[in-house]
Amino acid sequence: MGENHIISVKDLTKKFGSFTAVDKITFDVRPGEIFGFLGANGAGKTTAMRMLCGLSIPTSGKATVAGFDVYRQTESIKKNIGYMSQKFSLYEDLTVKENIDFYGGVYGLSRERRKEKTEFLIDLLKIEEARNKLIKSLPLGWKQKLAFSIAIIHEPKIVFLDEPTGGVDPITRRQFWDMIYEAADRNVTVFVTTHYMDEAEYCSRVSMMVDGRIAALDKPEKLKEQFGVGTMHEVFVKLARPAA
Amino acid sequence: MPVAQVLLFGFAITNEIRDAKIAILDFAKDNTTREISNKILSSGYFMLYENLQSPSDIEPAFRKGKIKEVIIFEPDFGANLERDGKANVQLVADASDPNFANMVIGYTTSIIADYQSELSKGKTLPASINPEIKMLYNPNLKSVFMFVPGLMSVILLLVSAMMTSISITKEKELGTMEVLLVSPLNPFQIIVGKVIPYLLLSLVNTATVLVMSKFVFRVPIVGSLPLLIAESTLFLITALSLGILISTISNNQQTAMMISLGALMLPTIILSGYIFPVENMPLILQWISNIIPARWYIRIVKGIMLKGVSFNYIWMETLILLGMTVFFIAVSIKKFKIRLE
């Protein structure tokens, strides 16, 4: 396992009874990288990600996240990662300010720090008028950006995004990816699952999961070259076809 | 579900007495009293639980909560009846459940009246047995005395178990639970955080019910108030742990609601002895009622509030509630771990 790898995975396996959801996957992620974790529904993306987040204990194999072991140091991992799920995971009955305050508190930020962060985020997202509005009254795109900002409120080394752009229009998706780039510029490692193949093009490197295995892993342009096609979508179709 | 409900209602709601446990204190021990006792005990409505020896045994016998009535024959009962054509019998009933006490007394007096008319046949001087009735713990037979303990358990269960389970499953549904689980908070902190507001709310509820029942309905609190509060807190924790258990087995709010209402509220109202005495139910329902936490809590509350019993009389009920709580928490933890794996 390399010194400069922020996530290091070797032969990681997860079985549910006789079903193997994740089958001996091996990969490394470098700091500041945007690592795309692609695959069809049910290919094992979410299971793999849950293991890396310390939500699920692997059946076998090795993995470290931010230098911590996924078997024994899940608590330390949790302190060093941010997480955003496909459901956006904000409290709908709380206001923007209260949500920022709550999650800041969960991650142990001091009162002053939370105030600072609240002002900073409201300013950054240009949602001054929504400060005291309930989350449920906000447009989906705002919620999603806010959820991402909150996921990195404690300035983690890595942020895990589980299909963060589901059900969002293309323009908002584009804006969302701008935010991801900004985070990566600040040396936050981004680990993102998606099944939008156009988004795969934005990643530094992508891995393709098929039936619990990693079928391909490289830079998007290299993959396209390797399969002799023009888009990531075609790469995906070529890889997934044998499984279908 | 409807089948279960119909069966439950049909069998649980009976206004008949069957094998009600009674005690007899017989000062006379003559043929007449033995005949009356036999008549009463062979009627099918009553069952002899114990023979008492002295008046000081009466109160403790009731406190144990097993017997519903004590029949006391005066000394020289038979001789008095022979000589004066008059004799006294005292019927003492546990009126902490007023309806049931009324029925028990009604059945007993009619059996005695029956015996009296048999005895009087062909005699010039009619025999007269004079039953003197005493309603213990609730002399005015106020039904509110029965409802308050039941109401307390239903309200506490409703708020604690249902609200807890719904609020935890809501977090699961919205996905916020997942984010909390990924955060540095450990599961224990999350659950305690979810439960504390409801614990406080339910304590306020308990206090409100108690104050209302004392000052609006004039239900006495004969026993120790701290003991009552301690037992209520225990029941609250039982209900909360039940709520947590429900939330670990249900994935959305509807399921949690259905389980809370169908599997919890209904049996609690019907099988706990809240409205219908457990003793009258078919044996199988009596067995089922044993696993309903409210049944034990209602016995505790009635014991403390109306009978003024000390902890010595309710340690078993307390232990049962404690055991249930530990069981619910253990199962929840186990379920929770499986989910994480």
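Conventions and cut-offs
Residues numbered from 1 in each chain as written. Chains lettered and ligands numbered in written order. Predicted model: local features only at pLDDT ≥ 70, side-chain atom pairs only at ≥ 80, totals over all residues. Heavy atoms only, no water. Helix = DSSP H or I, 4+ residues; strand = E, 2+ residues; numbered from the N terminus. Buried < 20%, exposed > 50% of the residue type's maximum accessible area, 1.4 Å probe, protein only. Areas by Shrake-Rupley, 256 points an atom, 1.4 Å probe, with all protein chains shown as cover. Lys, Arg positive; Asp, Glu negative; His and termini not counted. Charge placed at Lys NZ, Arg CZ, Asp CG, Glu CD. Contact = heavy atoms within 4.5 Å. Polar contact = N/O pair within 3.5 Å; in protein donor to acceptor, adjacent residues only side chain to side chain. Salt bridge = Lys/Arg side-chain N within 4 Å of Asp/Glu carboxyl O. Pairing = 2+ DSSP bridges. Axes fitted to C-alpha atoms, helices over the stretch in contact; angles between N-to-C directions. Domains from an automatic or database assignment. Buried area = accessible area lost by both parts, 1.4 Å probe.

(A) Molecular detail of the overall build of chain B. Scanning chain B from terminus to terminus reveals 13 helices and five strands. Projecting the C-alpha coordinates of chain B onto the three principal axes gives extents of approximately 90 × 40 × 30 Å. Split into buried and exposed, the 341 residues of chain B put 49% on the buried side. When the accessible surface of chain B is split by element, carbon and sulfur atoms take 65% of a total near 15700 Å². Charge separation in chain B, taken as the distance between the mean sites of 28 positive and 25 negative side-chain charges, equals 8 Å.

(B) Representation of the environment of Asp26(B). Residues and elements named next belong to chain B. Counting through the fold element by element, aspartate 26 comes out in strand β1 (residues 20-26). We classify aspartate 26 as buried; its relative accessible area is 12%. As for aspartate 26 and isoleucine 72, which are separated by 46 residues in sequence, their C-alpha atoms are 5.7 Å apart. Contacts of aspartate 26, omitting those with residues within four sequence positions, involve Thr33, Leu52 and Phe73. Only 3.0 Å separates the side chain of aspartate 26 from the backbone nitrogen of alanine 28, close enough to count as a polar contact. Looking at aspartate 26, its side chain comes within polar contact range of the main-chain nitrogen of lysine 29, at 2.8 Å.

(C) View of the interface of chain A and chain B. Each partner contributes to the interface: chain A provides 22 residues, whereas chain B provides 18 residues. Taken together, the links from chain A to chain B amount to two salt bridges. When the shortest N-O distance is used, the salt bridge between Lys170(B) and Asp93(A) registers 2.8 Å. At the boundary of chain A and chain B, one finds four residue pairs in polar contact (both at pLDDT 80 or more). Contributing elements (two or more residues each) for the side of chain A that touches chain B: β1 (7-16), α2 (74-80), β6 (81-84) and α3 (96-106) of chain A.

(D) Layout of the pairing of strand β3 (residues 69-73) of chain B. Residues and elements named next belong to chain B. Within β3, five of the five residues are buried, which leaves it mostly tucked inside the rest of the structure. What you see with β3 is no split at all: Glu69, Ile71 and Phe73 on one side and Val70 and Ile72 on the other are buried throughout. Across five bridges, β1 lies against β3 in parallel orientation. Pairing of alanine 23 across the sheet is with valine 70, part of β3. Two elements, β3 and strand β4 (residues 86-94), share five bridges in a ladder whose sense is antiparallel. Residue pairing across strands places phenylalanine 73 opposite valine 89, the latter belonging to β4.

(E) Just the sheet that holds β1(A), in detail. All names here are of chain A. Pairing is antiparallel across the open sheet formed by four strands, whose spatial order is β2-β1-β4-β5. Of all the strands in the sheet, just β2 (19-29) and β5 (68-69) have a single pairing partner and so form its edges. Helix α1 (residues 45-52) contacts β1, β2 and β4 (60-65) of the sheet and is inclined by roughly 120 degrees relative to β1.

(F) A look at the domain arrangement of chain B. All names here are of chain B. Taken domain by domain, chain B consists of domain 1 (14-136) and domain 2 (144-340). Using only C-alpha atoms to locate each centre, domain 1 and domain 2 end up separated by 39 Å. Listed as interface residues are 18 residues of domain 1 and, on the opposing side, 15 residues of domain 2. Between domain 1 and domain 2, roughly 1400 Å² of surface is buried when both sides are summed, and carbon and sulfur atoms account for 47% of that area. Per-residue buried area on domain 1 facing domain 2 is highest for Arg18, Arg63 and Ser96; these three make up 40% of the total on that side.

(G) A look at unusual backbone geometry. In the Ramachandran plot, Lys24(A) falls in the positive-phi region, its phi being about 45 degrees despite a non-glycine side chain. A positive phi angle is found at Lys29(B), which is not glycine, with a value near 50 degrees. Owing to a relative accessible area of 52%, Lys29(B) belongs among the exposed residues under this scheme.

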